[in-house]
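Report on the structure
Chain by chain, the residues run as shown.
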Amino acid sequence: MTTPWFSLVLMAPALLLMALLFVWPWLRYGWLSLHASSLLTGLSVVPNGGANWSRLARDGRFWVDALQTLRFAGVSVLLELGLGLLMALVLHRPSRGRGWLRALVLIPWALPGPVMALGWRWILNDPYGPINALIQRMGWPTVAFLATPSTTWFSTVVVDVWKTAPFVAIVLLAGLQSIPRDLEEALRLEGAGPWTLLRRLQWPLLAPYVTLAVLFRLAQAMGVFDLIQLLTGGGPAGSTESLALYAYLQAMRFLDFGYSATVMLASFFLMASLALLWLGWMRWQGARTR
Amino acid sequence: MSLMPSRRRFLRLLLSAVPASSTLMTRQGRASPAPSPQPETVRLLMPAPFVDALAPAVARFNRAHGDVQIAVTRGPLDTEALSDLASGSLLLGASAFDLLLMDISWTARYAAAGWLVPLEPLLGEEAMAQMVPEARLGNAFGDHIWRLPLSGDTALLYWRTDLLPHPPRNLQEMEAMARDLQRRGRVRWGYVWQGRQYEGLSCVVLEMLHAFGGRWWNHVSGRTDLLSPRALEACAWLANLVRTGVSPPGVANFAENDALQLFSSGEVAFLRNWPYAWGLLAREGGPVSGRVGVTPLVGADGWAGGGTLGTWGLSLLAGSPRPQAAARVIRWLTGVETQRELVVSQGYAPTWPSLYADADLRAAHPLLDIQRRALRTALVRPITPLYAQLSDVLQRQINGLLTSDLPPELALARAQEQSDLILRATGARATP
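All values derive from a computational prediction rather than experimental measurement.

We now examine the overall build of chain A. Scanning chain A for helices and strands turns up 13 helices and two strands. Its C-alpha atoms put chain A at 75 × 75 × 35 Å along the principal axes. Sorting the 290 residues of chain A into buried and exposed places 35% on the buried side.

This is the structure we're talking about:
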């Protein structure tokens, strides 16, 4: 016999933990965003009405960074989804050494972010990185991968996809493995090729896994920090600065904690809206196919 | 029943412990009527390279002092990462450190945040009076001294002695020399420096503005001064280095080590870097070993050059429970003997005039005379708690100038406008 009260009691420890880890920090951020706490106030916390929020509305750098973060997250996650699905389909096929292959694919994901970012900074170095060495050997001029806004932005996306596509692949592989074999075999007996199999069976059944992977990755990509900080420092000319990096600069370098909290909270709202949009879209897709 | 044996064992243990502890108390009481106090441990946070450089001085201090010991924490290599670590610790209230080895550009910010203790009450009003005048800059803010420097480093110009008969006398001559060597295929690039969007670029711009008769900061008005024709000329010249191929396009993402690596490969005529590069370039067996000269940074024709003052110094952190012991550590680590060691082992410029006058030291370390000359024209970055914001604005705009078609006048106008906004928004006073 379960009553709503009994369920609540059972859930209480988890709810308490969630409140401590998520709700309390956000309440605290909300409170701080309505206060000035900077060098000007001697780091003490002074109410300033909605001054931080009106500053945010007029802060061109925040909006540019928001667009840059959205662009980075959108493009990275889409590419990771495509590449991850491809990798998952390859890993799903029974073949010799599949276990080894699965472990190998996970290596980029297992590497610590800062180590990976520093490694890529060297790989993309102009003129001494391995890629430019190869380009020079072929008689072409070197490419300053991290010194022009367009190539730098592209480089950050490539590095992020390289690192996190394996994560998406593993999540989708779990989804593929959960699809009953007899369904696949039945469809094959009907003469379905790999494309029909994917479109008619695997993709619809993968939907919850895709949602999971996309939400995870979207949250991470919207909060990207270590990769940008170490690979480009937000440059050139701020063209790769993310919202997390901007909030970090406001807090740790400029010691403006009130405004930093405002930036963090605003990026959270942005992220939450995106997640809701995605969920809504997936539901709509689900309803349409049904 | 089953608990009985363990309870008995516990009692036995307890009983056996009582005589043992009383023995300890008696022994202590008899053997040392006046127990020697525990040595005070002064906790010091430093960037990794300084931990190694100062290891002998710290070891000597710990051997010589029974009552005070230094415990060093190895911080990150990157200057700003160290500041972030220290800020994080200080924001928690009770810092885990007593002393912090600080970059010159942090002094005003840390002092304004209330994180430092004035040093005069501990070291005396004249703590810096005997130091080289230029090395004293950037340590005071408001009415107090917050930091005692242990080095007097300024940026320097490295040049190739095997390719050039003498160092350039001005920037135009340097550019002409570089282009000539490039044209004759002797070097691939003319000049490498730090163009990445970080603090190093602010130093380069400060030097370049000064080299063309301009300035970044007006101490009197408390505003940035980036709209002058001199500033425009300086930034246009810098951007042209990249646009005309004297400097590689990759320089826009170069920090100190990236530039040093390219120069040490032998493919570049000139390098802007700090004194530490000298020891690395002079190492036996390198492609440019024995073929590098060094000189103070030069100005444009008709203007004086100058290198950014990039000193490191020790500060006492607020809340330290042992200020007196920490003051003794500051005296030791900034003292003449420690700085002599740093000259010999690292090539760091000292702050004491006696070391620049020491004939033996000068003979063994020819860099010392050049460093003294460079120190006379050292340039100080704006001393304001808002320096980090102003520097951030300048870095973004100048890096944009180097990596796009942004005209220099627009980059400077934006930098000036954004700096004005920051100063106005915070109601900051220029000077305390």
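The discussion continues.
This next bit is on the sheet that holds strand E11 (residues 268-273) of chain B. Residues and elements named next belong to chain B. Reading across from one edge, E8-E11-E7-E12 is the order of the four strands in this open sheet, with mixed pairing throughout. Looking at which strands have only one partner, the edges of the open sheet turn out to be strand E8 (189-192) and strand E12 (292-296). Sheet twist, expressed as the average angle between the axes of neighbouring strands with direction ignored, equals 20°. Taken together, the three bridges between E8 and E11 define a ladder with parallel strand orientation. Directly across from Val192, in E11, lies its bridge partner Leu271. Strand contacts of helix H9 (residues 256-264): strand E7 (156-160), E8 and E11, with the helix running at about 155° to E11, the strand carrying the most contacts.

Now for the interface of chain B and chain A. Tallying the contact residues gives 26 residues for chain B and 23 residues for chain A. Residue contributions to the side of chain B that touches chain A peak at seven residues, all from helix H16 (residues 387-403) of chain B. For the side of chain B that touches chain A, the residue count by class is eight nonpolar, 13 polar and five charged.

Let us now look at the domain arrangement of chain B. All names here are of chain B. Once the domains are mapped, chain B shows domain 1 (40-152 + 310-376) and domain 2 (156-309 + 382-425). Measuring from the centre of the C-alpha atoms in domain 1 to the corresponding centre in domain 2 gives 27 Å. Residue-level contacts link 22 residues of domain 1 with 19 residues of domain 2. Where the side of domain 1 that touches domain 2 is concerned, the elements lending two or more residues are helix H3 (79-91), helix H4 (107-112) and helix H15 (367-376). Per-element tally for the side of domain 1 that touches domain 2: the top contributor is H15, with five residues. Considered class by class, the residues forming the side of domain 1 that touches domain 2 number ten nonpolar, eight polar and four charged.

With that settled, the discussion passes to the sheet that holds strand E1 (residues 40-47) of chain B. Residues and elements named next belong to chain B. Read from one edge to the other, the open sheet built from five strands follows the order E2-E1-E3-E13-E6, with strand pairing classed as mixed. A strand with exactly one partner marks an edge of an open sheet, and here the two such strands are strand E2 (68-75) and strand E6 (148-149). In the sheet, E1 pairs with strand E3 (residues 99-103) via two bridges, with the strands oriented parallel. Paired with Leu45 across the bridge in E3 is Leu100. Sheet strands touched by H3: E1, E2 and E3. Its angle to E1, the strand with the most contacts, is close to 140°.

Turning our eyes to something else, we now look at the environment of Gln285(A). Position of Gln285(A) among the secondary structure elements: in helix H13 (residues 257-289). Residue Gln285(A) is classed as exposed on the basis of its C-beta count, with 12 C-beta atoms lying within 10 Å.

This brings us to unusual backbone geometry. Residue and element names in this part refer to chain A. In this structure, the amide linkage connecting Gly235 to the following residue, Pro236, adopts the cis form with an omega of -5°. Note that Pro236 resides in the loop between helix H11 (226-231) and helix H12 (243-253). The backbone phi angle of Leu43 is positive, close to 65°, even though this residue is not glycine. Within the fold, Leu43 resides in the loop between strand E1 (35-36) and strand E2 (46-47). The phi torsion at Leu255 lies on the positive side, around 55°, for a residue other than glycine. The exposure class of Leu255 is buried, given the 24 C-beta atoms found within 10 Å.

Cut-offs used in this document
Residues numbered from 1 in each chain as written. Chains lettered and ligands numbered in written order. Predicted model: local features only at pLDDT ≥ 70, side-chain atom pairs only at ≥ 80, totals over all residues. Helix = DSSP H or I, 4+ residues; strand = E, 2+ residues; numbered from the N terminus. Buried ≥ 20, exposed ≤ 12 C-beta atoms within 10 Å, placed from the backbone. Pairing = 2+ DSSP bridges. Axes fitted to C-alpha atoms, helices over the stretch in contact; angles between N-to-C directions. Contact = placed C-beta atoms within 7 Å. Nonpolar A, V, L, I, M, F, W, Y, C, P; charged D, E, K, R; others polar. Domains from an automatic or database assignment.

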